[in-house]
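Residue-level listing of the chains:
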Amino acid sequence: QVQLVESGGGLVQPGGSLRLSCAAPRSIFSIYVMGWYRQAPGKQRELVATISSSSSIANYADSVKGRFTISRDNAKNTVFLQMNSLKPEDTAVYYCNARWTNEYWGQGTQVTVSS
C-alpha cells in the first residue's frame, strides 16, 4: 500500500503564504511525476502543478502561475508547494498525486484563505 502523506495546510489571510509538503515512499518517489491538485466545495478536482522526476519540467495551472512554486527533494522523498499571494479562491482541499505506471493520491489537506 503506497501512502502519500501531506502536511502544511491551514487558515491564512489573503495575501499570505503557506507551504505544503508531501512525503512519498522511496520506492516510487525518484521515478514518479509528482503533483498537486485541489478541490473546492461544489467543484471538480483540478490540477495545480506537476513536476517531473528530475525536476527539469514543472507545469502550473494558469490561475496559480507566478504565485505558486512546486519543488521536490529526491533525497527526502518529499514534494513541496510554496503558495504565495494567496487569494480566497485558492480555498480548497489540496491533494498530493504521484503518477507513472500507477497513480496514487494523498488524503488531502485543507487550505482556507479568509480574513
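Note: the structure precedes this text.
Residues numbered from 1 in each chain as written. Predicted model: local features only at pLDDT ≥ 70, side-chain atom pairs only at ≥ 80, totals over all residues. Heavy atoms only, no water.

**Q** Would you mind showing me how to read the pairing of strand 7 (residues 68–73) here?
**A** When a strand is regular, its side chains alternate between the sheet's two faces. Of the two faces of strand 7, only the one carrying Phe68, Ile70 and Arg72 is buried; Thr69, Ser71 and Asp73 on the other face are not. The pairing of strand 7 with strand 8 (residues 78–83) spans six bridges and is classified as antiparallel. Looking across to strand 8, one finds that phenylalanine 68 is bridged to methionine 83. Hairpin connection of strand 7 to strand 8: four residues between the antiparallel strands, including asparagine 77 at a positive phi of 55°. (Buried < 20%, exposed > 50% of the residue type's maximum accessible area, 1.4 Å probe, protein only. Helix = DSSP H or I, 4+ residues; strand = E, 2+ residues; numbered from the N terminus. Pairing = 2+ DSSP bridges.)

**Q** What's the story with the state of the cysteines in this structure? I'm lost.
**A** In protein chemistry, a disulfide is the covalent bond that joins the sulfur atoms of two cysteines. Scanning the model with the defined rule gives one disulfide in all. Residue cysteine 22 pairs covalently with cysteine 96 via a disulfide, S to S 2.1 Å. The S-S bond linking cysteine 22 to cysteine 96 shows a torsion near -80°; that makes this disulfide left-handed. In this pair, cysteine 22 sits in strand 3 (residues 18–23) while cysteine 96 sits in strand 9 (residues 92–99), placing the two residues 74 residues apart along the sequence. For cysteine 22, a relative accessible area of 0% gives the class buried. Judged by its relative accessible area of 0%, cysteine 96 falls in the buried class. (Disulfide = S-S within 2.5 Å.)

As far as function goes, none of this settles anything; it's purely spatial.
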